[in-house]
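Next come the chains, spelled out residue by residue.
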Amino acid sequence: MSRRNALWFWVFVGPFALGLALFTYVPLVWSVALSFFDAHNTVTPTHFVGLDNYTAMLKDDAFVDSLKTFLVFTAFIVPATYVFSLSLALMVNRLKRARAFFRSVFFLPAACSYVVAALIWKMSLFNGVRFGLANTVLGWFGGDPVAWLSTTDPPWYWLVIVTVRLWLQAGFYMILFLAGLQRIDPVLYEAAAVDGARPGWTVLRHITLPQLRATSVAVVLLLVINAFQAFDEFYNLLSDARGYPPYARPPLVYLYYTALGQGQNLGLGSAGAVILALVIAVVTVGQARWLKLGRTDADG
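Conventions adopted
Note that residues are indexed from 1 along each chain, following the sequence as it is written. Only residues with pLDDT of 70 or above have their local features reported here, since the model is predicted, and side-chain atom pairs are shown and tallied only from 80 upward, although totals for entire chains, interfaces and linings are computed over all residues. Only heavy atoms go into the side-chain values, all of them from the structure, while hydrogens and water stay out. UniProt positions are given in the numbering used here, feature names are shortened, and annotations may be inferred rather than shown by experiment. Each Phe, Tyr or Trp ring, with Trp reduced to its six-membered ring, pairs with another whose centre is within 6.5 Å; inter-plane angles below 30 degrees give stacked pairs, above 60 give edge-to-face pairs, and intermediate values give tilted ones. A simple rule labels every residue: compare its accessible area, found with a 1.4 Å probe on the protein chains alone, to the largest value its type can have, and call it buried under 20%, exposed over 50%, or partly exposed in between. Either the NZ atom of lysine or the CZ atom of arginine qualifies as a charge over a ring when it sits within 6 Å of the ring centre and within 35 degrees of the ring normal. What counts as a salt bridge is simple: a side-chain nitrogen of Lys or Arg found within 4 Å of a carboxyl oxygen of Asp or Glu. We count a stretch as a helix when DSSP gives it H or I for four or more residues in a row; a strand needs E for two or more, and each element gets its number in order from the N terminus. The contact rule is simple, with two residues in contact once any of their heavy atoms fall within 4.5 Å.

Per an unreviewed UniProt entry, the recorded name for the protein chain is Sugar ABC transporter permease, and the organism is Streptomyces cellostaticus. Taken from UniProt, the Subcellular location (unreviewed entry) comment for the protein chain reads in full: "Cell membrane". Its UniProt record gives the protein chain the following Sequence similarities (unreviewed entry) comment, quoted word for word: "Belongs to the binding-protein-dependent transport system permease family."

This is the structure in structure tokens:
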């Protein structure tokens, strides 16, 4: 019986494990290996250069600027998504009727392709010409059209990038917060009401947010990791026939042009990818320790 169970286990798990190994782990290992070689226009290099690629990437001002772009993007998108998704969850959780309907409506954008959403934002909402929706609204109030994606002073392109990402992911994190809210014991709110606590900010601060601590930590960690991996909206919003502008270039966009651009320097691109992965790991572990992920109140 145990052999039969083992056979069925591999029947169901084997194809997934094989695909995971071939399309995830093998490329990861090979990317690390490439980072130690001079790999121009080839994935099978022979010239070993050691840590030269890593040194070159860390001295590259464009790569360092891409990390700064990530920091700016994170500073915008993490708190905005946290507040907006939590607000949606609180509103939906208070509904007595049609809760499932509104939950589905707010979650639907999460199923939309990042590429499609970016093109809608670029071509329809923030077109940069008189016929874009944003410029049409400005025209109603006597404002002049704004080139949203090419104006750097002030940097209006951040409004476009942040809003499209916010629209795409807020519904997903709303579901996480809803799950956390539904685990809160209603007795806590009843006891607070008996003690005279006013509904609103007081209850939110002293009951809801502390009870959502584990969910909040998970949401913040996921938001930061996803911000590091931003690519689709940046590339599809800002690139055109002339290429990608020098501003608002996140790490993955920079690495894309390094590894697959005219130079096709896969060694430098792989070194940059390894550095980025290490930065993500360090930030994630640092956040987890700072937010005391996995600790209980007894642990201090």
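A. Expanded view of the packing of aromatic side chains. Under the counting rule described, the total for this entry stands at 25 aromatic pairs. An angle of 80 degrees between the planes, with centres 5.2 Å apart, marks the rings of F9 and W10 as edge-to-face. Looking at F9, the relative accessible area reads 45%, which means it is partly exposed. Judged by centre distance (5.1 Å) and plane angle (80 degrees), the rings of F172 and Y173 are edge-to-face. A network of ring pairs unites the aromatic residues F73, F76, Y157, W158, F234 and Y247 as a single cluster. Over the aromatic face of Y257 sits the side chain of R249, whose NZ or CZ is 5.6 Å from the ring centroid.

B. Spotlight on the pattern of salt bridges. Applying the stated criterion across every chain, the model contains two salt bridges. Here D65 and K68 are joined by a salt bridge, their closest N and O atoms 4.0 Å apart. With D65 and K68 both in helix 3 (residues 61–94) and three residues apart, this pair spans about one turn of that helix. Looking at D65, the relative accessible area reads 40%, which means it is partly exposed. A relative accessible area of 48% means that K68 is categorised as partly exposed. Taking the shortest distance from any N to any O, the salt bridge between E233 and R165 comes out at 2.6 Å.

C. Region of interest: the environment of L34. Its place among the elements puts L34 in helix 1 (residues 2–34). In sequence terms L34 and K59 are 25 residues apart; their C-alpha atoms lie 19 Å from each other. With near-sequence residues (within four places) excluded, L34 lies in contact with A39, V43, P45, N53, L266, G267 and S270.

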